[in-house]
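Secondary and tertiary structure notes
What follows is the residue order along each chain.
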Amino acid sequence: MSVTVRSRGYPFSLWFYLLILLCILNTSLFSQERFRRNPPFPDPLPELTLPEIESASLSNGLEVSIIRRQDLPVISMHLIVYAGESFSPDTLPGLATFTANMVNKGAVGLSSSRITETIETIGGEFSSETHPDYSVISFTFLEDYLDTALEILGKMILQPTFPRIEVRNVVRTMHYDLLGRKSSPAFVGRRTLLRILFEEHPYRNIAFNETVTRNLNRDELLSFFEKYYRPNNAKLILIGNLTLRTAVRKVSRYLNTWENKDIETEDTYPPQPNETLKLCIVDLPEEEDATITIGNTILLRDYDDYFPTTVLNQVLGGSPHSRLFMNLRESKGYAYFAFSTVEYFKACGILTIQERVRPNAIFESITESLNEIRRISSQVVPDYELEQAKSYLIGNFPLRIEVLEYYSSRLAAIQAFELGEAHWNSYYKSMMLISPENVYEIARRSSLQSPVVVVVGNIQELSPYLQEFDLQVYDPNGEFQYTIKKGETE
Amino acid sequence: MSIFRNKSFIFCMSSLFLFGGILLRAQEDESPLFEVTTFQLENGLQVILSEDYSLPLVSVVLAYNVGSINEPPKKTGLAYMLENLMFQGSRNIGSMQHIHFISKIGGVLNAVTTEGRTIFYQTVPASQLALVLWLESDRMISLDIHPSKVKRTRDSLIEEIKQRKLDDPYFESSVLFDQLLYPNKAYSHPVIGSETDLREMTTEDVQDFYTKYYIPNNAVLCITGNFEKRKAIQLVREYFNTIRPGKPVPFFPAEEHLKSEEIVRNVENYLAPYPGFYLGYRISSPDSPDNYTLAIIEYILLHGKSSRLQKRMIYEDRFASHLSGGIELKKNLATFKFFIKNNTETLRGRSQKSILDEIDKLKSDFISENELNKAKNMFKRDYLDQFTPLADKGIFLVKFHLSQKNKSNFLEELKKYLAVTPSDIIGIVNRYFTEERVVLNIKIK
């Protein structure tokens, strides 16, 4: 330690200063491992390898498909029938839903409670859901009981009894279910939107309310079932650890006598999109906040339009990192949430924005939402934003299908619309190929800029903020009431 | 760094054997549903790995063996507060950035606090395993417990309590029922805590609780999904091995139910729209073999529309508009609860009689083979359902590991439930469903 700096007038040795400096650096910078400071880089994403969809047809026209999953000793079975809500007669919306709800309510020699008990005996669960284009009867059970499950399904489809008491029970349940939903502003907003968008189209039937239940009856049910529940109008999907050969053999044993019949159906034509901005309001006086639902139909040339449309939705409002949420909630503080979704029907898509906002920010929220729609319709999405959206969708896709319910639901849609590999095993590839121009093209040829806007909340509180618009007032059932002219309030 | 990693890996591989290298497999005559590897780091962190290549996803579950039962007297709500604070930033991660990082890549995350555990879980694309381990390790090593964050969280939890009371008009009566059923206060307060205790809570209280319990030697990390085992072990060691262990966690004293006479109380509920009641029995400890039979009894009575009580009370007699319940496990204690809502006060009495009738039948009559098989198959289905999605599987494995059953095979465990006989049911119902029940009647005002 002979090196000193005293001769230069410094009071302490250079080594002392270096030591102090090292101590400071040690406590402030080096007290944690370097790798903790920044997020690590991701590894390459493994390939998406989904089981193949194998199909065969029975002699009566029923198409049977299997998707082999060996992870659990459970089989999930789904009967798709092309008898969605758009097939209900104009005079009886809700009939398709009612029919699907009645399937498990009685068969020859089997009461509704006996069917329930048998399903539970095989560790099973039964459900039905009705979409605009098709209905799905779903049945999940322990794999040892495939024969029992098919036997019950066969009896329900081939020998239904639709007991009158069960008809009354199901009608009552539908009535009270719909009545209960009338207090949900999100449900009321969406139903009103669909009713307006599909006013002149068979899809209007999906927006039915509880008043229709008084017209639902056994005769209409029988006639609808007889007409549409036919093997040549249906597809059966089985997901589980089984081969196509086994599936076809067993299904054939229980469903081969299901009689086919020619069904006269017309292809659902695309609806006319809304062409001028329309603002509607539904009065729910007890609501403290305002719920905004904005939407319009999107005309799809083919099912490949699904991918750019899904990316468009993701950029606009698919997640908390999307434009709507970042603008209306994070930046402006108007909204509790602001998201968009896109749904795909056979004849069109529908883009819907839903937001819950502060009442005094209702005007600004609508304006900003329309601005965001205008922006995505008139400007090409920047590359970095597009890549972020695609990365989210690619990362999120397997997450959605890892839940059996969504897995089945996606397969049902793929089979019902005959979507093909691009929507299943090639999802990553299909999504990665989307360019900003593809998204712009979808936005450009859609009428997104002239949507229907439905506000649900306390009309007396909200209408003063909306004087710049002609306001069409609807009741919670979706029926038009009257118009509040521009400049007037309720 | 590379040398360090290599050394880590050598240690890990040896630790697989040193700590038992438990491979939870089914018996040789059955193909295993999935394999599990467990090991322990030097700092006490227990690690479970289970590969599943069906989808390009990975799920990370980190469970701390702490819950509301561990809260000191008059400090209720601490565990739930810590769960909330865990998302509000640590040394290298800003407030709410944990959520941002996960959701930005299409992942999902959540957390749950119970009486005995606090569990954080997230599922992300398989390429992002390191990101999740980075996030989880940072909040384990350096959670930022700043007074402003404690105050903000406290205010939001107090609001949540108020909202819970508004949303669930039966919330307060359920707390009262727990106080009757569990005389030990540690077991009976709600996880969300009390408004009074939260108002008095200090930053030091929160910091002390964090230092005491949110440490590697009180945690289990489980990774399930599409990963390469060797790489995962390397990453776990990189992010967690240098976290210092805390002091040994105090041993939680074993607790047994006290003997008591039947307790019947009434409560007038101003908010509840319908009358109803709670009925509870104090049963065996959670690790008792009696629980296999009790679980099947739960299915016979309550699960499915064709279960004895659902069928009788909801669909046939229509005495009740709501019926729920089952076994509740709280650390060292377990109870069997029923909660019923009725349309009228008269129906409440009839409902109670229906339940007691069905219990009496189980005490004396052998259950039919068909009915027993139905209950077992429903149980089996629910047991298997715990293995998907990946996060649920991780939570199942963590709970299994933390339970007394951690050395056995989970399919062997299932077989024990499926081996329950009609005689077992008669014996167990007579042992536990006695006159020493607790009843709380809810009367509406």
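Heads up: these notes are all about the structure in this document. (Residues numbered from 1 in each chain as written. Chains lettered and ligands numbered in written order. Predicted model: local features only at pLDDT ≥ 70, side-chain atom pairs only at ≥ 80, totals over all residues. Heavy atoms only, no water.)

Quick look at the overall build of chain B
Basically, it comes down to this: Secondary structure elements follow DSSP: runs of H or I of four or more residues count as helices, runs of E of two or more count as strands, with numbering from the N terminus. Radius of gyration here is computed from C-alpha atoms only, and the compact-globule reference equals 2.2 Å multiplied by the residue count raised to the power 0.38. Any pair of residues with heavy atoms lying within 4.5 Å of one another is described as a contacting pair. Surface exposure here means Shrake-Rupley accessible area, sampled with a 1.4 Å probe, where a residue is shielded only by the protein chains that are shown. Only four residue types enter the tally: Lys and Arg on the positive side, Asp and Glu on the negative side; His and the chain ends are excluded. Lys charges are placed at NZ, Arg charges at CZ, Asp charges at CG and Glu charges at CD.
Along chain B, the regular secondary structure elements total 17 helices and eleven strands. Relative to its length of 445 residues, chain B is compact, with a C-alpha radius of gyration of 23 Å against a globular reference of 22 Å. Taken along its principal axes, the extent of the C-alpha atoms in chain B is 75 × 60 × 40 Å. In chain B, the share of contacts with a sequence separation of at least 24, taken over all contacts with a separation of at least 6, comes to 80%. Counting only carbon and sulfur atoms, one obtains 52% of the accessible surface of chain B, whose full area is about 19000 Å². Between the averaged position of the 56 positive side-chain charges in chain B and that of its 54 negative side-chain charges there is a distance of 2 Å.

Things to note about helix H4 (residues 129-142) of chain B
Definition in use: To estimate the expected span of a helix, subtract one from its residue number and multiply by 1.5 Å. Accessible area is worked out with a 1.4 Å probe on protein chains only. A residue is then buried under 20% of its type maximum, exposed over 50%, and partly exposed in between.
If you check H4 of chain B, its first and last C-alpha atoms are 20 Å apart, about what 14 residues at 1.5 Å a residue would give, namely 20 Å. Among the 14 residues of H4 of chain B, 13 are classified as buried, and the element is accordingly described as predominantly covered.

Comments concerning unusual backbone geometry
Between Thr388 of chain B and Pro389 of chain B the backbone carries a cis peptide bond, its omega angle lying at -10 degrees. When you line up the elements, Pro389 of chain B lands in the loop between helix H14 (369-385) and helix H15 (390-402). The backbone phi angle of Glu418 of chain A is positive, close to 50 degrees, even though this residue is not glycine. What makes Glu418 of chain A exposed here is its relative accessible area of 60%.

Here's the deal with the nonpolar core
Generally speaking, nonpolar side chains in soluble globular proteins are found buried as a group. Selection criterion: Residues belong to a common nonpolar core when they are buried Ala, Val, Leu, Ile, Met, Phe, Trp, Tyr or Cys residues joined through side-chain atoms within 4.5 Å.
Counting residues in each nonpolar core, the largest one holds 74 residues, and the members touching the most others are Val311, Ile362, Ile366, Tyr427 and Leu466 of chain A. Broken down by element, the residue count for this core peaks at eight residues, all from helix H12 (residues 383-401) of chain A. Here Leu466 of chain A is in contact with Leu279, Ile281, Ile362, Phe363, Ile366, Val455 and Leu471 of chain A, once residues within four sequence places are set aside. Counting 63 residues, the second largest nonpolar core, distinct from the first, contains Tyr292, Ile297, Ile300 and Phe400 of chain B.

A few points about the sheet that holds strand E3 (residues 57-64) of chain B
The test is simple: Strand pairing follows a simple DSSP-based rule, namely that at least 2 bridges must link the two strands. To get an axis, fit a line to the C-alpha atoms, keeping to the stretch in contact for a helix; angles then go from 0 to 180 degrees between the N-to-C directions.
Spatial ordering of the open sheet is given by E1-E2-E6-E3-E5-E4 (chain B), a layout of six strands whose pairing is mixed. The open sheet is flanked by strand E1 (37-40) and strand E4 (108-113) of chain B, the only strands paired with a single partner. Adjacent strand axes in the sheet meet at a mean angle of 15 degrees when their direction is disregarded. Relative to strand E6 (residues 219-225) of chain B, strand E2 (residues 46-51) of chain B is paired through six bridges, and the arrangement is parallel. Within the sheet, the bridge partner assigned to Leu49 of chain B lies in E6 of chain B and is Ile223 of chain B. This element, H12 of chain A, spans E3, E4 and strand E5 (118-125) of chain B of the sheet and lies at about 70 degrees to E3 of chain B.

Some details on the packing of helix H11 (residues 290-302) of chain B against helix H12 (residues 308-316) of chain B
Residue and element names in this part refer to chain B. Keep this limit in mind: For this classification, under 35 degrees means roughly parallel, over 145 means roughly antiparallel, 65 to 115 means roughly perpendicular, and everything else is oblique. In the scheme used here, Gly and all other residues not listed as nonpolar or charged are polar, with Ala, Val, Leu, Ile, Met, Phe, Trp, Tyr, Cys and Pro taken as nonpolar and Asp, Glu, Lys and Arg as charged.
Axis separation between H11 and H12 bottoms out at 3 Å; the angle between their running directions is 25 degrees. In terms of orientation, H11 and H12 fall into the roughly parallel class. In this structure, H11 uses Ile300, Leu301 and Leu302 to contact H12, whose residues at the interface are Arg308, Leu309 and Gln310. Here the residues of the contact of H11 with H12 sort into four nonpolar, one polar and one charged.

Considerations on the side chain of Asp290 of chain B
Residues and elements named next belong to chain B. Heads up, the rule is: Residues adjacent in sequence count toward polar contacts only when both atoms are side-chain atoms; beyond that, a polar contact is any pair of N or O atoms within 3.5 Å, and within protein one must be able to donate a hydrogen and the other to accept it.
Tracing the backbone shows Asp290 in helix H11. Given a relative accessible area of 14%, Asp290 falls into the buried group. Within the structure, the side chain of Asp290 is placed 2.7 Å from the side chain of Arg431, a separation counted as a polar contact. Of the polar contacts made by the side chain of Asp290, one reaches the side chain of Tyr432; its length is 2.4 Å. Setting aside residues no more than four positions away along its own chain, Asp290 makes contact with Ser284, Ile428, Arg431 and Tyr432.

Side note on the pattern of salt bridges
Residues and elements named next belong to chain B. Keep this limit in mind: Any Lys or Arg side-chain nitrogen located within 4 Å of an Asp or Glu carboxyl oxygen qualifies as a salt bridge.
Overall, the coordinates contain 57 salt bridges over all chains when judged by the stated rule. One salt bridge connects Asp360 with Lys363, and the closest N-O pair in it is separated by 4.0 Å. Here Lys363 and Asp360 lie together in helix H13 (residues 345-364), a separation of three residues that amounts to about one turn. What makes Asp360 partly exposed here is its relative accessible area of 43%. Take Lys363: its relative accessible area is 21%, and that puts it in the partly exposed class. Glu435 is the salt-bridge partner of Arg437, the closest N and O atoms lying 3.7 Å from each other. Salt bridges sharing partners connect three or more residues here, namely Arg308, Arg312, Asp317, Lys353, Asp357, Glu358, Lys361 and Glu371.

Side note on the packing of aromatic side chains
All names here are of chain A. Formally: Working definition: a ring pair exists when centres of Phe, Tyr or Trp rings (six-membered ring for Trp) sit within 6.5 Å. Plane angles under 30 degrees give stacked, over 60 give edge-to-face, the rest tilted.
If you walk through the whole model with that rule in mind, you get 49 aromatic pairs over all chains. A centroid spacing of 5.7 Å and a plane angle of 20 degrees characterise the contact between Tyr303 and Phe417, whose relative ring orientation is stacked. You can see Tyr303 sitting in the loop between strand E10 (290-298) and helix H9 (306-317) and its partner Phe417 sitting in helix H13 (residues 404-417), a full 114 residues away along the chain. On the numbers, 3.7 Å between centres and 5 degrees between planes, the contact of Phe397 with Tyr427 is stacked.

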